[in-house]
Amino acid sequence: MNHKTLLRFSLMTMLLLMAHSLQAVTTIQVGASQTNTTISASITAAGDITGSGGLILELQSDYAPVDEIISTVTGASATDPVTIRPAAALSLSSVAWTISGSYITIDGRVGSTGSTKALTLSNTSTTGVTLTISGNNNAVKYCTLQGMNTSATAGVVVFGASTGNVVDYCDIRDVPATGTPVNGIYSASASTNTVSNSNIYNYYHATVGPKGICLDANTTGWTISGNSFYDTSNTERSFTASPADVTAIYINNASGNGFTVTGNYIGGQSASCGGSAQKLGVSAGTTTSGVRFRGIYLKVGATSATSVQNNTIKNLIISTGYANVTNSNATAFIFLDAGAINCGNETGNIIGSTTANSSIVFNTNQTSNVVTPMYGIYAGNDATGNVIISNNKIGGITVGGNINNGSLTFNGILVNGAKSSYTLTVSGNTIGGSVSNSIQNMVTSRSRNTFGIKVNLTSGTATINNNTIANLYGANITSNACAGIHLAAGNINVYNNIIHDIKGGAVNTAQYLDGGIVTEGSTGTVNIYGNEIYNISNTNAAASRVSGINMNNGAAAAIKIYNNKIYNIIPGSVAGQATAGIYISAAN
């Protein structure tokens with residue numbers, strides 16, 4: 001090809017591209033006074049839009065609210081998309097829309113510019129779905145979507161068998177002064193969809209566990225990013241179920257892989273955890289029912305790791321009488337139930353605050369005679385993939401209330417269960433903030449324990465390294481333990497952690513359970529080295545014992561303790577209190 005031929009070819013290509021760009025996008029006005037009164041009629045009238053540059057369906061002020069099935073427009077594509085938008089602010093009540101086509105965008109902005117949400121879709125039926133998305137490669141943005149469906153398998157927005165769809169910059173919420181939905185978004189059959197930059201709020205039901213986003217079986221590869229989950233009611237939401245599972249982001253598919261959960265905010269009464277605290281449960285009195293809270297719940301596959309990064313959970317007051325009984329039933333702000341999960345390895349998550357007290361308040365008013373566990377991050381029982389928990393910050397948590405029976409345990413991070421050949425890494429986390437008593441367990445009746453990190457493995461290996469655990473406090477009570485790291489069972493390597501300002505409050509003269517690192521009952525191989533432990537104390541006015549490292553295991557445990565730096569192990573002022581840098585029980 002000579003240079004003249006090449007030049008002619010280039011000019012022809014340029015002219016074709018310019019011609020395509022200059023093609024006028026067809027605009028059809030939709031309303032009672034227009035030729036086309038519905039969206040579906042306008043789609044039929046549009047015909048084939050191939051090469052047109054796209055189609056705009058503009059809803060006029062006299063557009064009558066009707067249920068719409070928005071099907072594929074012939075010729076619609078990524079270069080010839082369909083946009084549905086309002087000509088002016090428009091609120092449509094008692095509608096159920098379904099997007100069954102592809103390359104369709106519902107844009108709630110006038111003229112598709114700015115950031116004002118001018119289009120509201122509302123459905124006041126307790127069995128109705130405001131918006132169903134069953135097509136592929138569609139977008140819904142800058143819309144307000146309201147609903148009050150009370151089914152656990154529905155929502156304001158429902159994704160059918162679809163892929164490549166995006167919900168962006170939307171408000172997904174209740175119908176004001178009318179009713180609340182169980183779920184904001186629900187799907188049991190979609191893959192690789194995205195929910196981003198949206199406010200999902202006022203999802204509530206007293207007997208059916210409410211969820212902001214609920215992804216069940218057959219979902220995979222979703223991205224949930226930059227959203228806010230909160231409640232504007234400023235009232236204590238009461239629950240009669242035992243328990244009512246309240247979850248902002250719920251993903252429950254053990255064969256689903258590659259989810260991304262990043263940059264979301266959970267808590268408060270406005271976006272970005274703003275305003276006053278979100279209130280779940282009734283704080284007064286005692287009860288056997290109430291809330292089991294999970295900010296993020298994941299039961300996913302092990303083929304491709306799910307990523308949980310840079311999420312913030314704070315500004316919460318949770319009150320419950322539900323006795324969680326077992327670890328798998330516990331309240332946990334990030335609950336990693338199963339699968340290969342990277343939690344914070346790129347950008348850490350924040351639970352509570354490292355600079356202020358009581359960013360999260362948990363009140364327990366139980367009457368059952370059982371142990372109630374509560375966790376910042378829980379790595380659960382199912383051995384289906386490697387788990388990394390790194391760079392997260394947990395602090396500003398106050399546990400209080402009255403336990404008439406049983407006991408309460410708080411762990412910043414719990415690694416639990418049978419992991420077989422899988423590995424768990426807990427590294428670079430900060431548990432407890434810079435303020436005194438950053439994490440404080442103030443229950444003053446019955447027994448309870450407070451641990452920064454606890455490991456309880458029946459198989460597998462855990463690595464606990466380079467974490468900072470500080471400013472933990474357990475208030476006065478008999479038979480209490482307060483420790484930076486508690487090792488209950490498993491093969492565990494604990495090294496290069498910094499643990500300081502741990503204060504217990506129990507009367508406990510039998511064992512040194514207030515300490516920097518406590519091993520108790522472990523039967524695996526445990527290596528403890530290179531840790532720095534200081535300012536460990538007990539504030540009780542009666543006799544007690546405090547240690548830097550407490551080895552309180554049976555003969556089956558193989559434990560090595562070396563090259564640790566331990567100082568300022570501080571006894572109380574009364575006779576009978578004792579300290580130890582390293583305490584080894586007679587059983588070893």
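The preceding data block contains the structure.
Residues numbered from 1 in each chain as written. Predicted model: local features only at pLDDT ≥ 70, side-chain atom pairs only at ≥ 80, totals over all residues. Heavy atoms only, no water.

1. Let's talk about the packing of aromatic side chains
One pass over the structure, following the stated rule, counts 13 aromatic pairs. Ring geometry for Y529 and Y562: centres 5.0 Å apart, planes at 5°, overall stacked. Residue Y529 is found in strand β47 (residues 525-529), and its partner Y562 is found in strand β50 (residues 558-562); the two are separated by 33 residues along the sequence. Residue classification places Y529 among the partly exposed residues on the basis of a relative accessible area of 25%. Here the basic side chain of K211 rests over the ring of Y250, its NZ or CZ set 4.8 Å away from the ring centre. Note that K503 overlies the ring of Y473, its terminal NZ or CZ placed 5.2 Å from the centroid. (Phe/Tyr/Trp six-rings, centres within 6.5 Å; stacked < 30°, edge-to-face > 60°. Helix = DSSP H or I, 4+ residues; strand = E, 2+ residues; numbered from the N terminus. Buried < 20%, exposed > 50% of the residue type's maximum accessible area, 1.4 Å probe, protein only. Lys NZ or Arg CZ within 6 Å of the ring centre and 35° of its normal.)

2. Quick word on the pairing of strand β48 (residues 532-538)
In terms of burial, β48 is a largely internal element, six of the seven residues being buried. Pairing between strand β44 (residues 498-504) and β48: six bridges, direction parallel. The residue of β48 that forms the bridge with H500 is Y534. In terms of strand pairing, β48 meets strand β51 (residues 565-570) through five bridges, oriented parallel. Paired with E532 across the two strands is K565, which belongs to β51. (Pairing = 2+ DSSP bridges.)

3. Regarding helix α2 (residues 39-46)
Among the residues making up α2, those that are buried are I39, S42 and I43. Angular distribution of buried residues about the axis of α2 spans 105°; they occupy a single face of the element. The elements touched by buried residues of α2 are β1 (26-30), β2 (55-59), β3 (68-70), β4 (82-86) and β6 (97-99). Backbone geometry just after α2 places G47 at a positive phi near 70°. (Arc of directions from axis to C-beta. Contact = heavy atoms within 4.5 Å.)

4. Focus on the side chain of N193
Looking at where N193 falls in the secondary structure, it is placed in the loop between β15 (183-187) and β16 (194-196). From its side chain, N193 meets the backbone nitrogen of G164 in a polar contact 3.3 Å long. For N193, the contacting residues outside a window of four places in its chain are F159, S162, T163, G164, N165, G221, W222 and T223. (Polar contact = N/O pair within 3.5 Å; in protein donor to acceptor, adjacent residues only side chain to side chain.)

5. Overview of the pattern of salt bridges
Inspection of the entire model under this criterion finds six salt bridges. Note that D107 is salt-bridged to R109, the shortest N-O span being 3.0 Å. Of the residues examined, R109 reaches a relative accessible area of 11% and is grouped as buried. Between R237 and D231 there is a salt bridge, with the nearest N and O atoms lying 2.8 Å from each other. Per residue, the accessibility class of R237 equals that of D231, and both read buried. (Salt bridge = Lys/Arg side-chain N within 4 Å of Asp/Glu carboxyl O.)

6. A look at the nonpolar core
Counting 114 residues, the largest nonpolar core has W97, I106 and V140 as its most contacted members. The element best represented in this core is strand β37 (residues 407-427), accounting for six residues. Setting aside residues no more than four positions away along its own chain, I106 makes contact with I70, I84, W97, I99, L119, L131, A139, V140, K141 and C143. One finds A154, Y186, A330 and Y378 within the second-largest nonpolar core, a separate group that totals 13 residues. (Core = buried A, V, L, I, M, F, W, Y, C linked by side-chain atoms within 4.5 Å.)

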